[in-house]
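# Descriptive analysis of the structure
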Amino acid sequence: MRRILLVLAALGLLAGCTEAASNDPPPGLADRGTQVTTAKPKRQDLTNRVSLSGKVTLNPTFGLVAPIDGEVRYLDVKSASGTPTKPTKVANIWVSGKATPVEVPAGAVFAGRLVDDRSKVTAGMPIVSARQTGYGIVADIDGTQAYQVSDQLQSVQAQIKSGPGPFPCTVLGTLAALPSGTIPEPKAPAVNPSSSAPPVAQPTQGQPQQPSEATGMRLVCVGPADAKLINGAAATVEIITAKVTGALVLPVEAVAGSQGKGKVEVIKDDQTREIRDVVLGLTDGKVIEIKSGLTEAETVAIPGPSIPDAKGGGQQPGMGK
């Protein structure tokens, strides 16, 4: 009797384990009853647009950058007596005995040095501020937009609220934030040791130069001459940074990651799932370009995979940006 009871107990344990195991989903499959939305990559043309809020500004300040790495050596710039009709040379970048000039474009005046004379500078670093003569459109750029608009700008359009537009708007200088400009005092004329006469002050041209104030990150552009502008009027600036024809795209909800790297959850034919790395491209906020890592024949889950947050704890749902 004791042996029979032991056999029956063993059979009961085996049946319980078998039943529990049968209730567990196979590895790599979703839990029973889980509703999964899926999507397949598709081809479409894609344009990366960024919209900025701005306003019409009289005599806006913009920055000029070093064209190459080297040492900046500033020139003494006289005050302009009117609107310059040709570029004004304001500095040279010296490398191995060769100078590369830095010029303020025609229609603008020198407004300040942004680094110390003979400083080591790198290409793209703001080194000179300039002031446009006349109207311009100034649009502020926040931190989340900085890297979206810092690349090559293919086109810029402006629309004045309840006014003219849209019209092409030519960007001036760099998009970077600028420190306060400095303008050194004019140098006194050198004394001639052989002359007993006191040095004669040199007359200044035009109005005294006013150094520029610090600015936040912003875009400054000018519209066509026939566009009627009013100082302070609100404006919208639309920037197109890039275009792609026939891009392979997915809904942004299907992708985790940003800045060129992402992950998607691929659902295979046997319903197993795989987290896969993909290379990301442009996005219009609705879909995002998949440069590599996925084919049109594959299916992905929506929402995309979760990724660890910045602190390494917890999970964040995937979202392409």
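Definitions and limits used
- Residues numbered from 1 in each chain as written.
- Predicted model: local features only at pLDDT ≥ 70, side-chain atom pairs only at ≥ 80, totals over all residues.
- Heavy atoms only, no water.
- Helix = DSSP H or I, 4+ residues; strand = E, 2+ residues; numbered from the N terminus.
- Buried < 20%, exposed > 50% of the residue type's maximum accessible area, 1.4 Å probe, protein only.
- Contact = heavy atoms within 4.5 Å.
- Areas by Shrake-Rupley, 256 points an atom, 1.4 Å probe, with all protein chains shown as cover.
- Salt bridge = Lys/Arg side-chain N within 4 Å of Asp/Glu carboxyl O.
- Pairing = 2+ DSSP bridges.
- Axes fitted to C-alpha atoms, helices over the stretch in contact; angles between N-to-C directions.
- Disulfide = S-S within 2.5 Å.
- pLDDT = per-residue confidence, 0-100.
- Polar contact = N/O pair within 3.5 Å; in protein donor to acceptor, adjacent residues only side chain to side chain.

All right, on to the overall build of the protein chain then. The number of helices and strands found in the protein chain is 2 helices and 22 strands. In the protein chain, buried positions account for 34% of the 321 residues. Intrachain contacts of the protein chain at a sequence separation of at least 6 include 73% that bridge at least 24 residues. Accessible area of the protein chain: about 19500 Å², with a carbon and sulfur share of 54%.

All right, on to the pattern of salt bridges then. Per the stated rule, a full pass over the model turns up 10 salt bridges. Measuring nitrogen to oxygen at the nearest pair gives 2.8 Å for the salt bridge that ties Arg 73 to Glu 71. The closest approach of N and O atoms between Asp 76 and Arg 113, which form a salt bridge, is 3.8 Å. Within this pair, whereas Asp 76 is found in the loop between β4 (70-74) and β5 (88-95), its partner Arg 113 is found in strand β7 (residues 108-113), the two being separated by 37 residues in sequence. Residue Asp 76 is classed as exposed on the basis of its relative accessible area of 53%. In this structure, a network of salt bridges that share partners links the residues Lys 268, Glu 274, Arg 276 and Glu 298.

So, on to the environment of Gly 304. With respect to the helices and strands, the residue Gly 304 is situated in the loop between β20 (299-302) and β21 (307-308). The buried category is assigned to Gly 304, whose relative accessible area is 9%. Separated by 49 residues in sequence, Gly 304 and Val 255 have C-alpha atoms that sit 5.0 Å apart.

Before going further, it helps to spend a moment on the sheet that holds β7. Sheet strands associate in pairs through backbone hydrogen bonding, adopting either a parallel or an antiparallel arrangement. Taking strand neighbours across the sheet as the criterion, the 3 strands line up as β3-β9-β7 in an open arrangement whose pairing is antiparallel. Single-partner strands in this sheet number two, and they are β3 (61-65) and β7. Geometrically, the sheet is characterised by an average inter-axis angle of 35 degrees between neighbouring strands, direction not taken into account. Both β7 and strand β9 (residues 126-132) contribute to a ladder of 5 bridges, which runs antiparallel. Note that in β9 the partner of Gly 112 across the bridge is Ser 129.

Attention shifts here to the sheet that holds β5. Spatial strand order, β6-β5-β4-β8: 4 strands in an open sheet with antiparallel pairing. Either end of the sheet is taken by a strand with one partner, and the two such strands are β6 (98-104) and β8 (120-121). With 4 bridges connecting them, β4 and β5 associate as antiparallel partners. By the bridge assignment for β5, Tyr 74 is matched with Ala 91.

What follows covers unusual backbone geometry. With an omega of -5 degrees, the peptide bond running from Gly 165 to Pro 166 counts as cis. Within the secondary structure, Pro 166 is located in the loop between β11 (155-160) and β12 (167-168).

If you walk through the whole model with that rule in mind, you get 1 disulfide. Bridging Cys 169 to Cys 221, the disulfide has an S-S length of 2.1 Å. Of note, the bridge from Cys 169 to Cys 221 carries an S-S torsion of about 85 degrees and is right-handed in sense. One end of the pair, Cys 169, is in the loop between β12 and β13 (170-171); the other, Cys 221, is in strand β14 (residues 218-222), and 52 residues separate them in sequence. Judged by its relative accessible area of 0%, Cys 221 is buried.

The next subject is the confidence of the model for the protein chain. For the protein chain, the average pLDDT comes to 83, and 76% of its residues sit at 70 or higher. Predicted confidence for residues 17-22 stays below pLDDT 50, and this span has 1 contact to residues more than four positions away or in other chains. Ignoring residues within four places in sequence, the model shows residues 312-321, a span with pLDDT below 50, making 31 contacts including any to other chains.

With that settled, the discussion passes to the pairing of β14. Of all 5 residues in β14, 5 are buried; the element is thus mostly enclosed. Of the two faces of β14, the one carrying Arg 218, Val 220 and Val 222 and the one carrying Leu 219 and Cys 221 are both buried. Bridge analysis of strand β10 (residues 135-140) against β14 gives 4 bridges, and the strand direction is antiparallel. Opposite Val 138, over in β14, you have Val 220 as the bridge partner.

Attention now goes to the environment of Ala 256. Its location among the elements puts Ala 256 in strand β16 (residues 256-258). Judged by its relative accessible area of 2%, Ala 256 is buried. Taking the C-alpha atoms as reference points, Ala 256 and Val 278, 22 residues apart in sequence, are found 9.6 Å from one another.

Further remarks concern the side chain of Glu 298. Relative to the assigned elements, Glu 298 resides in the loop between β19 (287-292) and β20. Among the polar contacts made by the side chain of Glu 298, one reaches the side chain of Arg 276 at a distance of 2.7 Å. Here Thr 295 takes part through its backbone nitrogen, which lies 3.1 Å from a polar atom of the side chain of Glu 298. What Glu 298 contacts, discounting residues up to four positions off in sequence, is Ala 39, Lys 40, Pro 41, Val 266, Arg 276 and Gly 293.

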